[in-house]
Every structure is written in structure tokens, then in C-alpha cells.
Amino acid sequence: KAKGRDGFVFYDRAMTEEVEARHRVEIDLRQALLDDAFRVHYQPIVDVASGRICAVEALVRWQHAARGLVGPREFISVAEQTGLIAPLGEWVLRTACVEAARWPAHVKIAVNVSPVQFRRPGLFDSVVRALHDAALAPDRLELEITESVLLDHEERNVSVLHQFRSLGIAIALDDFGTGYASLGYLTMFPFSKIKIDQRFTRDVMTRADCGAIVCSAAALGLSLGMAVVAEGIEAREQLDIVRITGVTQAQGFLFGYPVPAAEIEARLAADEPADANGAAGRS
Ligand code: C2E
Ligand code: MG
Ligand code: MG
Ligand code: MG
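From a predicted model like this one, the values you see are computed outputs, not experimental measurements.

Undergrad: Before we move on, could you go through the site of ligand 1 and cite the residues and values that matter?
TA: The full set close to ligand 1 counts 22 residues, and Arg61, Asn112, Asp174, Glu234 and Phe253 are the nearest of them. Gln43 places a side-chain nitrogen or oxygen 3.0 Å from a nitrogen atom of ligand 1. In this structure, an oxygen atom belonging to ligand 1 sits 3.4 Å away from a side-chain N or O atom of Gln198. Here ligand 1 occupies the largest pocket. Elements with a minimum of two residues in the shell around ligand 1: strand 2 (53–64) and strand 6 (170–176). It is strand 2 that provides the largest number of residues to the shell around ligand 1, a total of four residues. Grouping the constituent residues of the shell around ligand 1 by class yields eight nonpolar, six polar and eight charged.

Undergrad: Before we move on, could you go through helix 9 (residues 208–223) and cite the residues and values that matter?
TA: For helix 9, with 16 residues, the first-to-last C-alpha span of 22 Å sits near the 22 Å given by 1.5 Å per residue. Buried residues of helix 9: Cys210, Gly211, Val214, Ala217, Ala218 and Gly221, and no others. Looking down the long axis of helix 9, one finds its buried residues gathered within 135 degrees of arc, a one-sided arrangement. Counted as exposed and oriented over 90 degrees from the buried face of helix 9: Ala208 and Ser223. Where helix 9 is buried, its residues meet strand 6, strand 7 (193–196), helix 8 (198–201), strand 8 (227–230) and helix 10 (236–244). Note on helix 9: the residue one or two positions beyond its end, Gly225, has a positive phi of about 80 degrees.

Definitions and limits used
- Residues numbered from 1 in each chain as written.
- Chains lettered and ligands numbered in written order.
- Predicted model: local features only at pLDDT ≥ 70, side-chain atom pairs only at ≥ 80, totals over all residues.
- Heavy atoms only, no water.
- Near = heavy atom within 4 Å.
- Polar contact = N/O pair within 3.5 Å; in protein donor to acceptor, adjacent residues only side chain to side chain.
- 1 Å grid on protein atoms, 1.4 Å probe; cavity = no way out; pocket = protein on both sides within 12 Å on 5 of 7 lines; lining within 4 Å.
- Sits in = over half its atoms within 2 Å of the grid points.
- Helix = DSSP H or I, 4+ residues; strand = E, 2+ residues; numbered from the N terminus.
- Nonpolar A, V, L, I, M, F, W, Y, C, P; charged D, E, K, R; others polar.
- Expected span 1.5 Å × (residues − 1).
- Buried < 20%, exposed > 50% of the residue type's maximum accessible area, 1.4 Å probe, protein only.
- Arc of directions from axis to C-beta.
- Contact = heavy atoms within 4.5 Å.

Now the structure itself:
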């Protein structure tokens with residue numbers, strides 16, 4: 001009230017601009033879906049003990065006519081607010097499954113699932129259809145969800161996750177440590193894997209508190225029988241430290257950037273041990 005009319009008008013205009021900006025992105029996103037303007041890039045996840053690629057994460061990008069390749073942080077939330085995440089997420093899932101069907105059978109494909117997608121009925125059916133259409137075995141697929149999925153409709157969510165697990169699909173808890181979920185959630189939900197967020201691994205060399213968090217998260221996950229991934233590993237020294245904590249897998253620019261399908265396929269072929277396919281191995 002102290003601001004008087006001007007303050008209110010300013011606030012109103014800022015609101016309008018924000019709504020309009022979001023609306024423009026929404027129209028662009030809708031058109032991009034029609035124009036086939038989205039791309040999936042793939043980033044390797046390595047097994048710490050062997051150093052070999054054990055999984056690949058699918059990460060969506062938007063090939064924008066004027067702006068070039070646009071990252072998901074700039075459009076996922078608008079897609080979620082407008083419901084466009086459902087067709088976009090389904091497209092990513094189907095594309096990634098088709099691609100993964102061409103890879104060596106021990107390599108899993110990890111796909112991010114938005115809480116909005118998760119809440120809609122029909123996710124389970126569309127996952128089953130995507131696997132079937134790509135002829136991909138369910139145990140090749142890993143769904144990455146975030147803590148916010150867990151905060152509502154607990155019982156329904158637990159049962160959906162169990163449905164996935166009973167098919168052999170793995171469930172990873174992404175960005176572990178960034179949300180508000182209590183540690184108790186780890187025992188309530190059937191996770192196969194937790195991914196320790198990069199904000200903790202980033203400063204692991206310089207900050208004792210980050211080291212302590214990575215250590216206890218790894219110990220907790222491992223004691224519950226889960227795989228534990230350290231995200232955001234960019235340097236050898238970081239890897240050396242998280243290795244000591246018992247983390248089983250690592251992901252980050254040290255092992256590879258997210259790249260188009262053809263590049264990850266070549267990388268996977270080169271990553272095969274020479275004796276894997278006999279004479280048909282390396283060429
Ligand atoms: P995320 O699932 O945690 O994915 C990991 C993010 O960290 C990716 O960012 C990846 O490029 C980045 N990253 C990997 N290694 C490093 C590293 O060593 N250093 C640094 N600084 N960053 C690293 P990206 O591709 O921009 O994706 C951001 C987020 O957008 C993802 O975080 C995920 O939450 C969301 N996202 C991406 N693709 C999809 C999708 O298809 N569906 C949904 N619902 N969300 C998606
Ligand atoms: Mg992820
Ligand atoms: Mg993450
Ligand atoms: Mg993230």
C-alpha cells in the first residue's frame with residue numbers, strides 16, 4: 001500500500017510481460033513439436049570400477065531457427081506449465097528407446113520423467129508401448145525422477161513405481177539432496193539408483209561439508225542395495241575422491257558431453273572390449 005499506484009502499476013506490467021513471454025515460448029514450443037525441432041543428446045554414465053560406459057542419459061535440446069541449440073533448462077518448465085511436457089516427454093522416451101535398441105545390450109538408457117508426466121494417468125502404458133515399438137527389453141530402461149514426484153499422492157506413486165520395477169525397469173532418484181524429501185523416502189520408494197547432484201560433487205575437493213554429504217549419501221544408497229551415481233564429474237581429482245566414498249557410477253564432462261545419437265553410438269562401439277564380439281568386434 002505504501003508504494004501507492006505507481007508501485008502497483010509497475011508490478012502489473014512486469015506480470016503481464018512475464019505472462020506474455022511465457023505465452024510466446026508456449027507458441028514456439030507447440031510449433032517446434034510440429035516441426036520436429038527437438039533433438040535428443042546422449043551423455044555417458046560410467047561404471048567406476050571398470051571405467052566402461054554402463055548407461056547413457058537422454059537429454060532433450062531444442063534446435064531453434066534463430067537461437068541455435070537451446071538447453072532444457074530454458075523450456076522444460078514452460079512445457080510443464082502448459083502440458084506440452086506430455087507429448088514432448090513421450091517423444092523423447094520413444095526416440096531414446098529406438099536409439100538404445102541399436103546399442104550393446106549391457107548399456108542402459110536413462111530417460112528423465114517430469115513430475116507432471118508422472119502424475120498423468122497413462123505413463124505406464126506409454127512406456128510399455130515405447131519399449132514394445134522399439135523392441136527394447138524393459139531391463140534396458142531406467143526412468144529418472146526427482147524428489148518432487150514423491151511429495152504428493154504417495155500411495156499411487158509407490159504403486160506406479162512398483163509396476164515399473166516389476167517389469168524390470170529401473171528407477172533412479174535424480175538430483176539427490178536438492179529437494180525436501182526426507183531420508184525415509186529412500187526406503188518407501190523402490191529406487192534402483194540414486195544420483196547425487198552435481199552441487200555436492202562440484203566442490204568435493206575444496207569443501208569438507210560436500211565431501212561429507214557425498215560420503216553419507218553413497219553409504220546410505222549402497223547399504224539400501226542401490227547403485228549410486230556421482231553427477232557433474234569434470235576433473236580427475238573429483239573422480240579420485242568420490243571413488244573413495246564407494247560411489248559405483250559417475251557422469252560428467254570428464255567422461256563425455258551430451259552428444260547426438262551417431263556420436264554416442266561410435267563411442268559405445270569403441271568402448272566394447274576387443275573380444276566382446278569375436279572377429280566382428282573392433283574394425
Ligand atoms: P539432469 O537430469 O540432472 O541432467 C544432468 C544435467 O547436467 C544435464 O544438463 C547435463 O548436460 C549436465 N551435466 C552433465 N555433466 C556435467 C558436468 O560435468 N558439469 C556440469 N556443469 N553439468 C553437467 P541439461 O542437458 O542442460 O539438462 C538439465 C535438466 O533438464 C536435466 O537435469 C533434467 O532435469 C532436465 N531434462 C533434460 N532432458 C529432459 C527430458 O527429456 N525430460 C525432462 N522432463 N527433463 C529433462
Ligand atoms: Mg537426469
Ligand atoms: Mg541430475
Ligand atoms: Mg538436474
